[in-house]
Structures are given as C-alpha cells and as structure tokens.
Amino acid sequence: MNIYDIAQKAGVSIATVSRVINGNPSVSKKTREKVTKVMDELGYTPNVFARGLMVNSMKTIGVMTVDVRDLYYARAIQTIESVMRLRGYDVILCSTSTDIEEKRKYLKLLLQKSVDGIILVGSIFKEKDDNSHIIEASEKVPVVIINGDIHAKNIYTILNDDCEGVYTAVNYLVSLGHKDMIYLYDVDTFSGMEKINGFKKGIQQNHLSISKHSILKVTKDIQGAYTAIKNLLEQKQPFSAVLTSDDILAVGAMKALREAGISVPNDCAVVGYGNSIISECTTPALTSIDSKVEATSSQAANLLADVLEEKNMPNKTIIVPELVIRETT
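Okay, so let's go over this structure.

## Re the overall build of the chain
Counting its secondary structure elements, the chain contains 13 helices and twelve strands. What you see for the chain is a C-alpha radius of gyration of 25 Å, clearly larger than the 20 Å of a compact globule of 329 residues, by over 25%. Projected onto its principal axes, the C-alpha coordinates of the chain cover approximately 85 × 40 × 30 Å. Residue burial in the chain is summarised as follows: out of 329 residues, 49% are buried. Long-range contacts, defined as pairs at least 24 residues apart, comprise 70% of the intrachain contacts of the chain with a sequence gap of at least 6. Entry remark: accessible area of the chain is about 16000 Å², with carbon and sulfur atoms responsible for 50%. With 37 positive and 39 negative side-chain charges, the chain shows a spacing of 5 Å between the two charge centroids.

As structure tokens, this is what we get:
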C-alpha cells in the first residue's frame with residue numbers, strides 16, 4: 001500500500017495525499033478527513049524514511065554520551081529527550097565510551113541514519129588535538145556541544161562556567177577561615193581543566209599557596225578519592241577543606257575523613273560538584289556546586305530545535321553555576 005493507492009481511492013492527487021501526511025495546513029478540513037479516513041480503512045502507515053525524504057527532515061536527532069550510567073550524563077539525556085519530544089523530534093542515543101575511534105564511528109553512524117542534528121553531551125567530546133571528525137559532521141548537520149568549545153560555522157556551544165563555579169567555592173571557603181585546601185579531580189577534559197583554573201584563581205587571588213599536594217588527580221569513584229585523602233592524612237599533610245570535581249569524589253573524601261575521626265565540617269569542610277542526588281543523601285548533607293544540568297541540557301535541546309527551524313541563534317551560550325550550601329561547610 002502506498003500513496004498512489006490512497007490517492008486513487010480518495011479521489012485526490014498524489015500531491016494532496018503528501019500534503020495531508022506532512023500536515024500541510026493548505027489542505028481543507030473536508031479533504032483532510034476524506035484522505036485520513038481512507039488511510040485508516042486501508043491500514044496505511046506512512047514510511048518514515050520516505051516521508052523524511054519528502055520534507056528533507058527525519059525529525060530525528062542524535063545524542064552522544066560516553067557513559068549513560070553517570071549521573072550527570074543520565075540527567076542530561078533525560079532532559080534532552082523530553083525537550084526534543086515536545087519539539088516533535090525522536091532521539092537516537094549512542095554511548096561511545098571515551099575511545100576516540102568509537103566517537104568517530106558513532107558520529108558516522110548517526111549521519112548514515114540521516115539525523116537532522118547532533119548533541120554531544122560533555123566536554124569529553126572536545127579532543128585536545130584533533131576535532132576534525134566533529135567539524136566534518138557539522139558540515140552536514142548542526143552540532144550542539146554541552147561544555148565543549150569548538151569553533152566552526154555550524155557548531156553551537158552551551159558552556160557551564162566551571163572556572164567561576166570552583167572560584168566561587170574557594171572564596172566561600174576562605175570566608176569561613178580555610179587556608180589549606182585540597183582539590184581532587186578525575187579527568188583532563190575542557191571542563192576538568194576549567195575547574196582546575198577556577199581553583200588556582202581562587203587560591204592565587206586570596207594570596208594562598210599551592211603545593212604539589214594541593215591538586216590531585218584520582219579515579220572517578222569513591223575509592224579514588226578515599227585513597228587520596230587517606231594518603232594525605234598518613235603523610236600528615238595539613239588541610240582544612242576538600243573540593244572535588246564531582247559529588248562522588250566528595251563521598252570518598254568524607255569516608256576517609258570519617259574513618260580517621262575527623263569531623264565534617266568542624267575539622268574539615270567538603271565541597272562537591274554537580275549538586276546531584278548524592279549531595280542530599282550524604283550525612284552530613286553535601287555542599288555542592290550546582291552545574292544546572294537540566295537548564296544546560298534543556299537549552300541545548302531547544303537551541304538545536306531552533307536552529308533546525310532556521311532561527312538565528314548564538315554560537316555560544318554561557319551558564320553560571322551556583323554554590324548550594326549544605327551541612328559539610
């Protein structure tokens with residue numbers, strides 16, 4: 001069954017059937033009802049791919065992330081999918097891992113699926129050296145990157161000002177009287193380095209010192225942060241506050257402090273990043289920098305939909321994080 005059969009039985013032209021399928025408002029209500037009645041009687045379902053070719057849009061966007069288990073990525077993906085559904089688009093999700101070849105493979109796959117646009121969730125998609133695969137994809141469809149700044153004509157960026165977020169947290173800790181701070185981080189991505197820059201900026205502008213123990217890279221799990229803090233305590237390194245690049249690292253730090261008999265926040269303050277559900281589940285409740293993942297992801301999705309509707313949109317949008325003060329400071 002195809003539109004030729006529908007047109008013949010409804011007594012209209014093929015073009016009219018096509019306009020009805022694509023929701024063209026130029027078709028009268030009477031004609032639309034006649035065509036849809038025939039479609040229902042014959043059990044006709046429009047072929048999505050064929051319809052996409054007719055209107056030059058599959059009404060589908062691709063979303064890429066590196067790990068759907070991660071709380072930040074999961075929240076971002078759920079928000080993007082909800083917004084795109086409201087805007088009339090389906091979503092194809094790809095979980096690529098951090099491997100560059102996997103990222104390239106899935107970009108090609110999405111383009112082969114004729115998606116209308118692509119959203120890359122996380123600064124981990126911005127490579128240190130070669131981003132040609134993303135730029136090449138943007139020559140075919142618009143690309144929106146959350147927290148990754150790549151300059152090209154058809155690439156749009158939603159940036160969370162991670163530098164300002166950590167800088168604000170450092171200033172807050174200084175106002176509480178803390179002078180010896182430790183910063184734990186897990187990845188050397190664009191976002192990760194911006195957070196480190198914020199820590200350094202806060203330390204320097206408050207005329208404090210940074211030692212080789214002040215900034216430590218750990219694995220992105222509870223154990224990584226736990227081990228780092230435990231080692232510092234065993235080495236008797238002085239510190240009265242711990243900042244982390246992710247809430248999960250803050251949990252590891254708090255575990256090590258508690259085992260050592262160090263009270264949080266009386267003896268040591270702890271600040272996480274992300275304001276995830278974890279921050280409300282810890283005891284005491286965790287002070288955390290809210291990266292506003294829902295607002296960032298919603299803006300990314302709406303931006304892509306607006307670009308696809310040929311609206312003139314800015315190539316870069318910056319969202320400022322907010323420090324949410326709870327019981328660990």
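Continuing now.
## Some details on the sheet that holds strand β2 (residues 90-95)
Strand pairs in the sheet, formed through backbone hydrogen bonds, run parallel or antiparallel to each other. Taken in spatial order, the six strands line up as β2-β1-β3-β4-β5-β11 in an open sheet, and their pairing is parallel. Bordering the open sheet on either side are β2 and β11 (316-319), each of which pairs with just one other strand. Recorded for the sheet is a direction-independent mean angle of 15° between the axes of neighbouring strands. Strands β1 (60-65), β2 and β3 (117-121) of the sheet are contacted by helix α6 (residues 100-112), whose axis makes an angle of about 175° with β1.

## Thoughts on helix α8 (residues 162-175)
Here α8 contains 14 residues, and its C-alpha end-to-end distance of 20 Å stays within 8% of the 20 Å for a straight helix at 1.5 Å per residue. What α8 keeps buried is the set Asp162, Cys163, Gly165, Val166, Tyr167, Ala169, Val170, Tyr172 and Leu173. Two residues or fewer past α8, glycine 177 is found with a positive phi of approximately 100°.

## Side note on the layout of surface pockets
Over the atoms rolls a probe the size of a water molecule, and its path tells where empty space is left. Looking at the largest pocket, its volume works out to about 700 Å³. If you go around the largest pocket, you meet 33 residues; those closest to its centre are Asp70, Tyr72, Tyr73, Lys220 and Asp246. Only α5 (71-86), β6 (181-185), α9 (190-205) and α11 (247-259) provide two or more residues apiece to the lining of the largest pocket. With four residues, the top contributor of residues to the lining of the largest pocket is α5.

## Quick word on the pairing of β6
Counted residue by residue, β6 has five buried out of five residues, so it is predominantly covered. Neither face of β6 is open: one carries Met181, Tyr183 and Tyr185, the other Ile182 and Leu184, and all of them are buried. Here four bridges tie β6 to strand β8 (residues 241-244), and the two strands are oriented parallel to one another. Counted as the bridge partner of isoleucine 182 is valine 242 from β8. What joins β6 to strand β7 (residues 215-217) is α9, and the crossover it makes is right-handed.

Rules used throughout
- Residues numbered from 1 in each chain as written.
- Predicted model: local features only at pLDDT ≥ 70, side-chain atom pairs only at ≥ 80, totals over all residues.
- Heavy atoms only, no water.
- Helix = DSSP H or I, 4+ residues; strand = E, 2+ residues; numbered from the N terminus.
- Rg over C-alpha atoms; globule rule 2.2 N^0.38 Å.
- Buried < 20%, exposed > 50% of the residue type's maximum accessible area, 1.4 Å probe, protein only.
- Contact = heavy atoms within 4.5 Å.
- Areas by Shrake-Rupley, 256 points an atom, 1.4 Å probe, with all protein chains shown as cover.
- Lys, Arg positive; Asp, Glu negative; His and termini not counted.
- Charge placed at Lys NZ, Arg CZ, Asp CG, Glu CD.
- Pairing = 2+ DSSP bridges.
- Axes fitted to C-alpha atoms, helices over the stretch in contact; angles between N-to-C directions.
- Expected span 1.5 Å × (residues − 1).
- 1 Å grid on protein atoms, 1.4 Å probe; cavity = no way out; pocket = protein on both sides within 12 Å on 5 of 7 lines; lining within 4 Å.
- Points joined across faces, edges and corners; volume = space filled by probe spheres on them.
- Right-handed = clockwise from strand over helix to strand, strands pointing away.

Distances and angles like these do not, on their own, reveal function.
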